[in-house]
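# Geometric and topological summary
Chain residues, written in single-letter form:
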Amino acid sequence: MTIGFTFSVVGFSIVALRCSFLHSKAKAPLQTLLRVQSASKNPQHAAELNLFIQTIIHGNVGISVMDLFVITKGTILTIVSVVVSYFFVIIQLNI
């Protein structure tokens, strides 16, 4: 029982760290793209850059699970809050 729980916690921690790393790396080029867009003289290039910037800002960045749903930073935080709440309920009930 304890080994399975330990593996679950370690696996979840690895997924959480990878999602956090992925999210920060996906948003990293945003400032550079904004500078390039403002320096662009060609309106077509500026429009394409604007579309790409909007995709980065509003895109769903995370790990796809068999194309069913995406694990994002918010998903990880929600799961952690549910587990912590459940832990405190179990402690209060002395189970």
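Everything numeric here is computed off the predicted structure, so don't read it as measured data.

For the rest of this paragraph, the subject is the overall build of the chain. Counting its regular elements, the chain contains 4 helices and 2 strands. Relative to the globule expectation of 12 Å for 95 residues, the C-alpha radius of gyration of the chain, 20 Å, shows a markedly less compact shape. Seen through its C-alpha atoms, the chain measures out along the principal axes to roughly 65 × 25 × 20 Å. The 95 residues of the chain split such that 13% are buried. In the chain, 50% of the contacts between residues at least 6 apart in sequence involve partners at least 24 apart.

Counting residues in each nonpolar core, the largest one holds 5 residues, listed as Leu30, Leu33, Leu49, Ile53 and Ile56. The set of elements that each furnish at least two residues to this core consists of α2 (30-39) and α3 (43-58). Beyond its immediate chain neighbours, meaning those up to four positions away, Leu33 contacts Leu49, Phe52, Ile53 and Ile56.

The rules behind each value
- Residues numbered from 1 in each chain as written.
- Predicted model: local features only at pLDDT ≥ 70, side-chain atom pairs only at ≥ 80, totals over all residues.
- Heavy atoms only, no water.
- Helix = DSSP H or I, 4+ residues; strand = E, 2+ residues; numbered from the N terminus.
- Rg over C-alpha atoms; globule rule 2.2 N^0.38 Å.
- Buried < 20%, exposed > 50% of the residue type's maximum accessible area, 1.4 Å probe, protein only.
- Contact = heavy atoms within 4.5 Å.
- Core = buried A, V, L, I, M, F, W, Y, C linked by side-chain atoms within 4.5 Å.

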